[in-house]
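# Topology and contacts: notes
Residue-level listing of the chains:
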Amino acid sequence: MIGRKSLVSDKKGFTLIELLVVLVILGLLAALIGPNIFKNLFKGQRGAAKAQIELLGQALDQFRLDVGRYPTTQEGLNALVTNPGADNWQGPYLRKGLPNDPWGRPYQYQCPGNHGDYDLLSFGKDGAPGGEGENADITNWE
């Protein structure tokens, strides 16, 4: 039968219904998995801040062993990378320079501190004192 069209189409592709089903499935997966991924991301940033505060504390302790005191609040953490004019300074005490917290802000330093010889902290994700959850402060005394 020459000249008659076949009842079966030779067109390839997806129907609108198939595409909608795939989009719904992807949306459900994103709704179920997305919050867990972001929660773990924030845990990672807080963990990184805690680790950096610990390393900065070790550098401050080494500064104190060499110089006989912790850097003053005015000298700040920069005293760990450049000599503030102190005798017996053996730095730099940080190999890669002074880091910012995981949110891109400088760590807060005060000496003498309200909670010990010095206070060292990050204000967390929101950059403001206090807060809860991912916005809570990360400190060297807790």
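Our structure is the block above this text.
Here goes a summary of the coordinates provided. Every value quoted in this text rests on a predicted model; they were computed, and no experiment measured them.

### Details of the overall build of the protein
Along its length, the protein carries 1 helix and 3 strands. Start at the N end of the protein and walk to the C end: the helices and strands fall as α-β-β-β. Within the span of the protein, comprising 142 residues, buried residues form 26% of the whole. Residue pairs in contact within the protein that sit at least 24 positions apart in sequence constitute 41% of those at least 6 positions apart.

### Re the nonpolar core
With 22 residues, the main nonpolar core has Leu60, Leu77, Leu80, Tyr109 and Leu120 as its most contacted residues. Of all the elements, helix α1 (residues 16-67) adds the most residues to this core, at 7 residues. Those residues in contact with Leu80, other than ones at most four positions away along the chain, are Leu56, Ala59, Leu60, Phe63, Trp89, Pro92, Tyr93 and Leu94.

### Remarks on a nonpolar patch on the surface
Where nonpolar side chains cluster on the molecular surface, the patch consists of Leu16, Ile17, Leu20, Val21, Val22, Leu23, Ile25, Leu26, Leu29, Leu32 and Ile33 and spans about 1100 Å² of accessible area. Along the chain, Ile25 turns up in helix α1.

### Observations concerning the packing of aromatic side chains
One pass over the structure, following the stated rule, counts 4 aromatic pairs. A centroid spacing of 6.1 Å and a plane angle of 35 degrees characterise the contact between Tyr109 and Tyr118, whose relative ring orientation is tilted. Taking the relative accessible area as the measure of exposure, Tyr109 reaches 11% and is therefore buried. On the accessibility criterion, Tyr118 (12% relative accessible area) is buried. Three or more aromatic residues link up through ring pairs in this structure, and these residues are Phe63, Trp89 and Tyr93.

About the thresholds
- Residues numbered from 1 in each chain as written.
- Predicted model: local features only at pLDDT ≥ 70, side-chain atom pairs only at ≥ 80, totals over all residues.
- Heavy atoms only, no water.
- Helix = DSSP H or I, 4+ residues; strand = E, 2+ residues; numbered from the N terminus.
- Buried < 20%, exposed > 50% of the residue type's maximum accessible area, 1.4 Å probe, protein only.
- Contact = heavy atoms within 4.5 Å.
- Core = buried A, V, L, I, M, F, W, Y, C linked by side-chain atoms within 4.5 Å.
- Patch = residues over 30% accessible without salt bridge, like charges linked within 9 Å, V, L, I, M, F, W, Y side chains within 5 Å.
- Areas by Shrake-Rupley, 256 points an atom, 1.4 Å probe, with all protein chains shown as cover.
- Salt bridge = Lys/Arg side-chain N within 4 Å of Asp/Glu carboxyl O.
- Phe/Tyr/Trp six-rings, centres within 6.5 Å; stacked < 30°, edge-to-face > 60°.

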